[in-house]
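# What the coordinates show
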Amino acid sequence: MVKNITIFTTNTCGYCQMVKKYLTAKGMGYDEVNLDQHPHRRAEAQNISGAMTVPITVVTKTDDTKEVIVGYNLSKLVPAVN
Amino acid sequence: MSDNKTHQLVIVGAGPAALSAAIYTTREDIETLLFEKGVVGGLAAVTDIIDNYPGFAQGVHGLDLAESLRTQAERFGANITLGEVLAIDTSTKYPKLLTTDGQVRTKALLIATGCDYKKTGVPGEQEYYARGVHYCATCDGAFYRDKKLVVIGGGNSAVQESIFLTRFASHIDILVRSKIKASEVLQKELQTYIDNGKITIHLGISPKEIVGNEDGVYEVVGQTTKGELKKYQTDGVFIFIGLQPNTNFLINSQVELDRYGFIATDGNLETTVKGIFAAGDVRKGATMQIASASGEGATAALKIREYLEGRLHTSEPRELEVNP
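Residues numbered from 1 in each chain as written. Chains lettered and ligands numbered in written order. Predicted model: local features only at pLDDT ≥ 70, side-chain atom pairs only at ≥ 80, totals over all residues.

### Here's the deal with the interface of chain A and chain B
On the side of chain B, 22 residues touch chain A, which itself brings 19 residues to the contact. Examining the composition of the side of chain A that touches chain B, we find that 5 residues originate from one element, helix 1 (residues 14-25) of chain A, more than from any other. Split by residue class, the side of chain A that touches chain B holds 11 nonpolar, 6 polar and 2 charged. (Contact = placed C-beta atoms within 7 Å. Helix = DSSP H or I, 4+ residues; strand = E, 2+ residues; numbered from the N terminus. Nonpolar A, V, L, I, M, F, W, Y, C, P; charged D, E, K, R; others polar.)

### Section: the pairing of strand 2 (residues 32-36) of chain B
Residues and elements named next belong to chain B. For strand 2, the buried fraction is high: 5 of the 5 residues fall into the buried class. Side chains of strand 2 alternate between two faces, with Thr32, Leu34 and Glu36 and Leu33 and Phe35 buried alike. Direction of pairing for strand 1 (residues 6-12) relative to strand 2: parallel, over a ladder of 4 bridges. Across the sheet, residue Val12 finds its bridge partner in strand 2, namely Phe35. Across 4 bridges, the pairing between strand 2 and strand 5 (residues 79-82) is parallel. What sits directly across from Glu36, in strand 5, is Leu82. (Buried ≥ 20, exposed ≤ 12 C-beta atoms within 10 Å, placed from the backbone. Pairing = 2+ DSSP bridges.)

### Overview of the domain arrangement of chain B
A common way to state how big an interface is: give the accessible area lost once the parts meet. Here the domain parsing of chain B yields domain 1 (6-117 + 243-308) and domain 2 (133-239). Each of domain 1 of chain B and domain 2 of chain B has a C-alpha centre, and these two points are 32 Å apart. (Domains from an automatic or database assignment.)

### Observations regarding helix 2 (residues 62-75) of chain B
Over its 14 residues, helix 2 of chain B runs 20 Å from end to end, which matches the ideal 20 Å to within 8%, given 1.5 Å per residue. Among all positions of helix 2 of chain B, only Gly62, Leu63, Leu65, Ala66, Leu69, Arg70 and Ala73 of chain B are buried. Each buried residue of helix 2 of chain B lies within a common arc of 165 degrees when the element is viewed along its axis, so the set occupies one face. Every exposed residue of helix 2 of chain B that faces more than 90 degrees away from the buried side is listed here: Thr71 and Arg75 of chain B. Buried residues along helix 2 of chain B sit in contact with helix 1 of chain A together with helix 1 (16-27), strand 3 (49-50), strand 4 (60-61) and strand 5 of chain B. (Expected span 1.5 Å × (residues − 1). Arc of directions from axis to C-beta.)

Next up, the structure:
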């Protein structure tokens, strides 16, 4: 079960919009960290994912385990949030 | 998604060609289902500013254009599904699509899957993907504030994305295999960044290796036309060396592809399989312009309407212009 979802995004990232649209369409809430508005959190996104890209989606389960999805990747996002 | 229903029209893709077609077909009350595996809006949606799409005097952000096209298509009833078409079966009366959501059958099919950025294939490219190797400046540029970058490519995308990346990077080396092939207006804009020392162009350089360590990329090795190796220190690499069509799902189908993977069509934009049409960048002879893709989408929609009404006249295949 999903406890919460955090998405690291930027203003100009089309793939970020797609992740948000997918979650919204599924009726799932999420927290968004916009790295253009919060540049000091860029290192956090990089540390969590090991990647210098957005979107980074962090799915925290009820047992507090985390699944990190790099990019807009439906084959990983769908099972992670369902 | 698997159902016994036979859809009137399925469109594979949701870029400008697909969404333009959907605007036309839904306004004709043709039930239209679109499948998009990536971004609605296609490559246009991940382009910063589009300056050559008619009707936007000051240019338009790719993301805004994509959103506008999507809203317009959905206003008339287009149904956009986020999923991937894995294969098509043309052995039955109506094409059958195997998708990530199950099987779908349709009377008419429009393939408007567009293109994706080509890969260089050099060592390090795959290994350092998203850890120093990137294909989307609008997504990943922000990670390179005050850092050095290398851009590989010399066409419109390479130049336009390099200019976008100057917002973040301290300096950009552009490695170009032959010469800059971007449009004149982009080249003039590029010159201002060359003049102020923000961008340096290196002509006649082909990438040979992207070198990095556990911290990411630190060097690109290029080769001159004389075979001499040159090293470029960098914090990251953005690659824009052209486009490749998204047609892998058609490889075992009867839809004819050219040797580059682009779809052959006739004057009706119909492929070698009756009832299956193609439009936009994925089509052999496409000009890789958003305005052209939108126009082809509209044309395909009108031809599909004729096909569904049983009054589409066969068009002789024609040889189209050279591929990119």
